[in-house]
Amino acid sequence: MLKKFRSAISAFHHKEHYASHEQEIADKKYTIREMTSDDIKELLQLERAVYADEVPWTRSAFLAELYSRYTHLYLCVLYQNKIIAFIGTRVFFDDAHVTHVAVHPQFQKSGIASFLLQEVETFANRQHCQTLSLEVRMSNIDAKRLYRKLGYEAQKSLPNYYRIGNEDALYMVKKVK
Ligand SMILES: CC(C)(COP(=O)(O)OP(=O)(O)OC[C@H]1O[C@@H](n2cnc3c(N)ncnc32)[C@H](O)[C@@H]1OP(=O)(O)O)[C@@H](O)C(=O)NCCC(=O)NCCS
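Fair warning: this is a prediction, and the values are worked out from it, not measured in the lab.

Draft legend 1. Broad picture of the overall build of the chain. Across its full length, the chain carries 5 helices and 8 strands. A globule of 177 residues ought to have a C-alpha radius of gyration of about 16 Å, and the chain, at 16 Å, matches this closely. Classification of the 177 residues of the chain by burial places 27% in the buried group. Taking the contacts inside the chain whose residues are at least 6 apart along the sequence as the reference set, 59% of them involve residues at least 24 apart.

So this is what it looks like as structure tokens:
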């Protein structure tokens, strides 16, 4: 009960400071820092590279998340001053929902998403969340395998969840407490 109360309160405290830092992942040095609205232009370019010219999130979608009144954490990963990956999460009561994660194709399969999901999990713990959740395209076999490996379990399918391609989503949950 106390946990639920704490998370309900925290859902409306939207700012938590994440200290920018250098991070070595698989022998390369990256900078990890919070995303700002100045990054959006570069993030849209990154999305084009990741999703073969489709842009799942528009400028206004990024802005809505960055200025959301809900507690949230949006991180980006820089390599040689260019953004090559990002992750977003938003707290709602006792759940931290991963809204988006993407890694530039040239940097995939080197542990960056795993690292970012771990950062989000630490954040979820600090926010007294009990679960982490996310949606993933049914056809996204690689992402589903990664999430399973990290302890997420399939909970339900969400029919026609994605407008692009009219595809179902798989809703996955990981217990963090
Ligand atoms: C899904 C996605 C975010 C994963 O990002 P990633 O940085 O490649 O993920 P990781 O490197 O942490 O893990 C991917 C695989 O590489 C492996 N790996 C991690 N570090 C590694 C290393 N140093 N050397 C070799 N393999 C490694 C992981 O174990 C994992 O293995 P698996 O394929 O058997 O599951 C990325 O592919 C992506 O951006 N895809 C397009 C967008 C997308 O689908 N987003 C998810 C929407 S829900």
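After that view of the structure, there is still more to cover.
Draft legend 2. Seen up close, the site of the ligand. Of all residues adjacent to the ligand, which total 19 residues, the nearest are Ala 26, Gln 108, Gly 111, Ala 113 and Ser 114. Of all the secondary structure elements, the ones that give two or more residues to the shell around the ligand are strand S5 (95-103), helix H4 (112-126) and helix H5 (141-149). Top element by residues in the shell around the ligand is H5. It accounts for 5 residues. Counted by class, the shell around the ligand contains 10 nonpolar, 5 polar and 4 charged residues.

Draft legend 3. Geometry of the sheet that holds strand S7 (residues 153-162). Strand order in the open sheet formed by 8 strands is S1-S2-S3-S4-S5-S6-S8-S7, with mixed pairing between adjacent strands. Every other strand in the sheet has two partners, leaving strand S1 (21-25) and S7 as the edge strands with one partner each. Neighbour to neighbour, the strand axes of the sheet diverge by 25 degrees on average, direction disregarded. Relative to strand S3 (residues 72-79), strand S2 (residues 28-34) runs antiparallel, the two sharing 4 bridges. From the neighbouring strand, Glu 34 faces S3, where its bridge partner is Leu 75. Across the face of the sheet, helix H2 (residues 40-50) comes into contact with strand S4 (82-92) and S5 while running at roughly 100 degrees to S4.

Draft legend 4. Layout of the pairing of S5. Here S4 runs beside S5; their pairing, made up of 8 bridges, is antiparallel. When the bridges of S5 are listed, Gly 88 appears paired with His 100. The turn joining S4 and S5, which pair antiparallel and follow one another in sequence, is formed by 2 residues; a positive phi near 55 degrees is taken by Phe 93. Across 4 bridges, the pairing between S5 and strand S6 (residues 131-137) is parallel. When the bridges of S6 are listed, His 97 appears paired with Ser 133. Crossover S5 to S6 through H4 is right-handed.

The rules behind these values
- Residues numbered from 1 in each chain as written.
- Predicted model: local features only at pLDDT ≥ 70, side-chain atom pairs only at ≥ 80, totals over all residues.
- Helix = DSSP H or I, 4+ residues; strand = E, 2+ residues; numbered from the N terminus.
- Rg over C-alpha atoms; globule rule 2.2 N^0.38 Å.
- Buried ≥ 20, exposed ≤ 12 C-beta atoms within 10 Å, placed from the backbone.
- Contact = placed C-beta atoms within 7 Å.
- Near = placed C-beta within 6 Å.
- Nonpolar A, V, L, I, M, F, W, Y, C, P; charged D, E, K, R; others polar.
- Pairing = 2+ DSSP bridges.
- Axes fitted to C-alpha atoms, helices over the stretch in contact; angles between N-to-C directions.
- Right-handed = clockwise from strand over helix to strand, strands pointing away.

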